[in-house]
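Residue-level structural notes
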Amino acid sequence: MKLSQIKDFQMAPDGIDCVLFGRRYETPADCDAVLLLGTAPTYAAKRAEIAASLWHKASVGIIVATGGAVSDKTVRECEVMRRALMACGVPETAVLEEPDAFDTVGNMIC
């Protein structure tokens, strides 16, 4: 199920579990978007590699790379992951940057 197919955002816990965990993790699922959570630049390439693998195996609308300049104040995490995604063959047009978040809650809000 894609998030765009959810009509009622007041879902019961069982419905939320179905959306989040309805498929095996090893089986890539088609989706509207992948949220690539920010992390320190030293770990960003690995997260981007995993997201790029999903991109190549499933139908993915966009990858939202998140994260501001948190652990390294000179570079935004979303920029590091965008470059790593592109190095893995994901087109730049398929990557949306969210540069304002400084933690996981911020990733969701921004």
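In what follows, the accompanying structure is described. (Residues numbered from 1 in each chain as written. Predicted model: local features only at pLDDT ≥ 70, side-chain atom pairs only at ≥ 80, totals over all residues. Heavy atoms only, no water.)

1. So, the overall build of the protein
We apply this condition: Elements are defined by DSSP. Helices are runs of H or I of four residues or more, strands are runs of E of two residues or more, and each kind is numbered from the N terminus. Throughout, exposure labels follow a simple rule: accessible area from a 1.4 Å probe, protein chains only, divided by the maximum for the residue type, with under 20% read as buried, over 50% as exposed, and the rest as partly exposed. The Shrake-Rupley method, run with a 1.4 Å probe sphere, supplies the accessible areas, and residue values consider only the shown protein chains as cover.
When its secondary structure is counted, the protein shows 4 helices and 3 strands. Starting at the N terminus and walking to the C terminus, you meet the elements of the protein as α-β-α-β-α-β-α. Here the protein holds 110 residues, and the buried ones make up 31% of them. In the structure as shown, the protein presents an accessible area of about 7200 Å², 58% of it carried by carbon and sulfur atoms.

2. Quick word on a nonpolar patch on the surface
Our working definition: In this analysis, a patch consists of residues with relative accessible area above 30% that form no salt bridge, clustered at 9 Å for like charges and at 5 Å for the nonpolar side chains Val, Leu, Ile, Met, Phe, Trp and Tyr. Basic side-chain nitrogens of Lys or Arg form a salt bridge, by our definition, when they fall within 4 Å of a carboxyl oxygen of Asp or Glu.
A cluster of nonpolar side chains, Leu35, Val105, Met108 and Ile109, forms an exposed patch at the surface whose accessible area comes to about 430 Å². Broken down by element, the residue count for the nonpolar patch peaks at 3 residues, all from helix α4 (residues 104-109). Summarising the element assignment, Leu35 is placed in strand β1 (residues 31-36).

3. Remarks on the side chain of Arg82
Going by this rule: We call two residues in contact when some of their heavy atoms are within 4.5 Å.
With respect to the helices, strands and loops of the structure, Arg82 is situated in helix α3 (residues 77-87). Apart from residues lying up to four places away in sequence, Arg82 is in contact with Glu92, Val95 and Glu97.

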